Amino acid sequence: MATRSSEPTSRSSSSNTASQGRKVYLIDGARTPFLKARGQPGPFSPVDLAVQCGRPLLLRQPLPQDAFDEVILGCVNVVATEMNPARVAALRLGLSEKTTAFTVQINCGSGMQSIDTAYKYIRDGSSELILAGGTEALSHAPMVLKREAVDWMAGMSKASSPQDYARQVTSFSPREFMPEISLEKGLTDPIVGLSMGQTAEVIAQQFGITRERADEYAESSHRRLARAQEEGWLDGEVVPSISPDGKLYKKDDGVRPDTTTDALGKLKPVFEPPYGQVTAGNSSQVTDGASWMILASEEAVKKYGLTPKAVIIDSEWSALDPKIMGLGPVLSATKILQRQKAGLNDIDLWELNEAFAAQVLACREAWKDAEFCKVALGLDEPMGELEMERLNIDGGAVAIGHPVGTSGNRIVLHLMNALHRKKLKRGIATECIGGGQAGALLIEAV
Ligand SMILES: CC(=O)CC(=O)SCCNC(=O)CCNC(=O)[C@H](O)C(C)(C)COP(=O)(O)OP(=O)(O)OC[C@H]1O[C@@H](n2cnc3c(N)ncnc32)[C@H](O)[C@@H]1OP(=O)(O)O
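The shown structure was predicted, so the numbers you read here are calculated from the model rather than taken from an experiment.

Participant: Just checking my understanding: could you explain helix H2 (residues 85–92) for this structure?
Facilitator: Within H2, the full set of buried residues consists of Pro-85, Ala-86, Ala-89 and Ala-90. Angular distribution of buried residues about the axis of H2 spans 135°; they occupy a single face of the element. On its buried side, H2 packs onto helix H1 (46–60), strand S4 (70–74), strand S5 (100–104) and strand S9 (287–297). Gly-94 sits one or two positions beyond H2 and adopts a positive phi of about 85°.

Given below as structure tokens:
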């Protein structure tokens, strides 16, 4: 059970406000449709995904091949044939061989970390133009063989006589070759031994989030995404992908517009049966997808005649007990609000990544909870209630899916576009990170 006295820490605090460096603009971005992992490898590898959305983005922002100083790509599950996917993607996108590229991994924060690293490189004057993204093909998550299988193969390679060889062959046991379920392992915290879903159960219990509320939230995520798709609000942000066999993917395919709270209420708890709150219907979906954003300095904007859509104002990363990792956004976002002397509802729009419906709701409760605000945030008063009308207005990972290394990038991209569409000014994108961390970015539309 989580303790409320877990003392969080943070990095890159007030020293990283944009006022202390150069302006950093968000120019444009694009993502693939998010495709649900359906028990077998999907049509695209992590690099394929990054290339699928990178190409149309670079076509509509025609920059010279060597314009980018850096390519930074978040990816949690790198596949063995695409080591350093940032570099592989950059070259497949036709960028200059002279452009350096590196991959970042901070679990679900990876796609936001790429933006924040780019932001700081440009702000501090070491770069002018950066392509920063996130990619994840959870359907391709590497499978890990059991120790016994690896030992058996080592025995085969060491066999030096026909007798050795025969002994090794006859000791073969197919059961030992059943792979360990690696995706499940990847979504289990190695320090506290809880799956991500169990950490959501911990904070649901801590803040009294009922099954009904989690299901209502999940239903609204599907409803909001379905409306956004129907109204064309994702056009341009989501670019079509074409698989090697010529199949066209145009839309996020996890959304279920017919979702009802009645149907959700019938699903069984997955992570803490039989009494838990977290089900397949109110969890983020296991999904493949990629997203890129172009970041530029003022000089690069002038040099290439770019039209910025937003400017990055501030960023913050925090760390806390891995058991309550889902509350991380409260820590990171509050630090930004304090620096900006702003309240929750002074921010026009929020993208708080929906790892789980119960986790988003627990964050909202934490801001209202005097004791949490005092102990974890050092505040005399609670922060108050974040209005639902500002939060994940076009749905989130419950409906869209959560390709873990990508989502942090997607929420910044969508926030930028939603601020423009609604002619609003300020937005915060924030997400929890497995292992007990969280990131947040404050942007302003221009
Ligand atoms: C990692 C970090 O750094 C930080 C983080 O973000 S933590 C979050 C990381 N991500 C996760 O942990 C992933 C969480 N989600 C999961 O693991 C999986 O989605 C899950 C195990 C919860 C469910 O997986 P699944 O069983 O394959 O789901 P799925 O097959 O889609 O649905 C199961 C059932 O629910 C039903 N269902 C799902 N959504 C529904 C909806 N909206 N309405 C009605 N029914 C629904 C499905 O129809 C299905 O029913 P049947 O079995 O009758 O076909």
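Participant: Would you mind going over a nonpolar patch on the surface with me for this structure?
Facilitator: Together, Leu-145, Val-150 and Met-153 make up a nonpolar patch on the protein surface, roughly 220 Å² of accessible area in all. By relative accessible area, which is 33% here, Leu-145 ends up partly exposed.

Participant: Could you clarify how one ought to interpret the site of the ligand in this entry?
Facilitator: In the vicinity of the ligand lie 24 residues, with Lys-36, Cys-108, Ser-284, His-402 and Gly-434 positioned nearest. Residue Thr-259 places a side-chain N or O atom 3.1 Å away from a nitrogen atom belonging to the ligand. One of the backbone nitrogen or oxygen atoms of Gly-434 is found 2.5 Å away from an oxygen atom of the ligand.

Participant: What is the right way to read the nonpolar core from this model?
Facilitator: One broad trend across soluble globular proteins is that nonpolar side chains are buried collectively. By size, the foremost hydrophobic cluster in this structure holds 76 residues, and its most contacted members are Trp-292 and Trp-350. It is helix H12 (residues 357–368) that provides the largest number of residues to this core, a total of eight residues. The residues contacting Trp-350, other than those within four sequence positions of it, are Ala-333, Leu-337, Leu-344, Trp-367, Leu-386, Arg-390, Leu-391, Asn-392, Ile-428 and Thr-430. In this structure, Ile-115, Ile-130, Leu-295 and Leu-413 belong to the second largest nonpolar core, which totals 31 residues.

Participant: Explain the UniProt feature "active site" (unreviewed entry) in the chain here, please?
Facilitator: Using the residue numbers shown here, the UniProt feature "active site" (unreviewed entry) corresponds to Cys-108, His-402 and Cys-432. A maximum C-alpha distance of 12.1 Å among these annotated residues, which run over 325 residues, shows that they cluster at one spot. Looking at the element boundaries, His-402 is found in the loop between helix H14 (397–400) and helix H15 (407–421). Its relative accessible area of 5% is what places His-402 among the buried residues.

Participant: Can you walk me through the pattern of salt bridges in this structure?
Facilitator: Two side chains with opposite charge may pair up if their charged atoms get near one another. Summed over all chains, the structure comprises 23 salt bridges. For Arg-22, the salt bridge goes to Glu-299, with nearest N and O atoms at 3.3 Å. Taken together, the residues span a long stretch of sequence, with Arg-22 in the loop between strand S1 (9–11) and strand S2 (24–31) and Glu-299 in helix H10 (residues 298–304) at a distance of 277 residues. Ionic contacts of the salt-bridge type, sharing partners, join the residues Arg-213, Arg-364, Glu-365, Lys-368 and Glu-385 into one network.

Participant: Hey, could you run me through the packing of helix H11 (residues 328–340) against H12 in this one?
Facilitator: The packing of two helices is summarised by the inter-axis angle and the distance between the axes. The geometry of H11 relative to H12 is characterised by a closest axis approach of 9 Å and an angle of 50° between their N-to-C directions. Relative to H12, the element H11 is oriented oblique. In the packing of H11 onto H12, the handedness of the crossing is right-handed. Within the contact between the two elements, H11 uses Pro-329, Val-330, Ala-333 and Thr-334 and H12 uses Gln-359, Cys-363, Ala-366 and Trp-367.

Participant: Help me understand unusual backbone geometry, please; the structure alone is not making it clear to me.
Facilitator: A negative phi angle is the norm for most residues apart from glycine, just as the trans form is the norm for most peptide bonds. Residues Pro-273 and Pro-274 are joined by a peptide bond in cis, for which omega reads 0°. Inspection of the secondary structure puts Pro-274 in the loop between helix H9 (261–265) and S9. A positive phi angle, near 50°, is found at Asn-107, a position not held by glycine. On the secondary structure map, Asn-107 appears in the loop between S5 and helix H3 (110–123).

Participant: Please clarify how the UniProt feature "domain: Thiolase C-terminal" (unreviewed entry) in the chain should be interpreted in this entry.
Facilitator: Per the UniProt record, "domain: Thiolase C-terminal" (unreviewed entry) is found at residues 307–444. Measuring from the first to the last C-alpha atom of residues 307–444 gives 14 Å, for a span that is 36% helix and 22% strand.

Participant: Would you explain the packing of aromatic side chains in this entry?
Facilitator: The relative placement of two aromatic rings is captured by the distance of their centres and the angle of their planes. Counted by the stated rule, this structure contains eight aromatic pairs. When the centroid spacing of 5.3 Å and the interplanar angle of 35° are considered together, the rings of Phe-172 and Phe-177 count as tilted. In this structure an aromatic cluster arises from ring pairing among Trp-152, Phe-172 and Phe-177. Just above the ring of Tyr-119 sits the side chain of Arg-123; from NZ or CZ to the centre is 5.5 Å.

Participant: Explain the side chain of Ser-407 here, please?
Facilitator: Structurally, Ser-407 is set in helix H15. What makes Ser-407 buried here is its relative accessible area of 1%. At 2.6 Å, the side chain of Ser-407 forms a polar contact with the side chain of His-402. Once residues within four sequence positions are removed from consideration, Ser-407 is found in contact with Asn-353, Gly-401, His-402 and Glu-431.

Participant: For this particular structure, what's the right way to read the state of the cysteines?
Facilitator: What is meant by a disulfide is a covalent connection between two cysteines, made through their sulfur atoms. Overall, the coordinates contain zero disulfides when judged by the stated rule. Not engaged in a disulfide, the cysteine Cys-53 finds its nearest cysteine sulfur in Cys-75; these two sulfurs lie 12 Å apart. Its sulfur unpaired, Cys-363 is 6.9 Å from the next cysteine sulfur, which belongs to Cys-432. Exposure remark for Cys-363: the relative accessible area of 0% places this residue in the buried category.

Participant: Before we go on, may I ask you to explain the side chain of Glu-351 in this structure?
Facilitator: Along the chain, the position of Glu-351 falls in strand S11 (residues 349–352). Setting aside residues up to four positions removed in sequence, Glu-351 forms contacts with Asn-392, Ile-393, Gly-395, Arg-410, Ile-411, His-414, Leu-415, Ile-428, Ala-429 and Thr-430.

Participant: Help me understand the pairing of S11 in this model?
Facilitator: Looking along a regular strand, one sees the side chains alternate between the two faces of the sheet. Burial along S11 is two-sided: the face carrying Leu-349 and Glu-351 and the face carrying Trp-350 and Leu-352 are both buried. As paired strands, S11 and strand S12 (residues 426–433) are joined by four bridges and run parallel to one another. When the sheet's bridge partners are listed, Leu-349 is paired in S12 with Gly-427.

What counts and what doesn't
- Residues numbered from 1 in each chain as written.
- Predicted model: local features only at pLDDT ≥ 70, side-chain atom pairs only at ≥ 80, totals over all residues.
- Heavy atoms only, no water.
- Buried < 20%, exposed > 50% of the residue type's maximum accessible area, 1.4 Å probe, protein only.
- Helix = DSSP H or I, 4+ residues; strand = E, 2+ residues; numbered from the N terminus.
- Arc of directions from axis to C-beta.
- Contact = heavy atoms within 4.5 Å.
- Patch = residues over 30% accessible without salt bridge, like charges linked within 9 Å, V, L, I, M, F, W, Y side chains within 5 Å.
- Areas by Shrake-Rupley, 256 points an atom, 1.4 Å probe, with all protein chains shown as cover.
- Salt bridge = Lys/Arg side-chain N within 4 Å of Asp/Glu carboxyl O.
- Near = heavy atom within 4 Å.
- Polar contact = N/O pair within 3.5 Å; in protein donor to acceptor, adjacent residues only side chain to side chain.
- Core = buried A, V, L, I, M, F, W, Y, C linked by side-chain atoms within 4.5 Å.
- UniProt positions renumbered as here; feature names shortened; annotations may be inferred.
- Axes fitted to C-alpha atoms, helices over the stretch in contact; angles between N-to-C directions.
- Parallel < 35°, antiparallel > 145°, perpendicular 65-115°, else oblique.
- Left-handed = near helix turned anticlockwise from the far one by under 90°.
- Phe/Tyr/Trp six-rings, centres within 6.5 Å; stacked < 30°, edge-to-face > 60°.
- Lys NZ or Arg CZ within 6 Å of the ring centre and 35° of its normal.
- Disulfide = S-S within 2.5 Å.
- Pairing = 2+ DSSP bridges.

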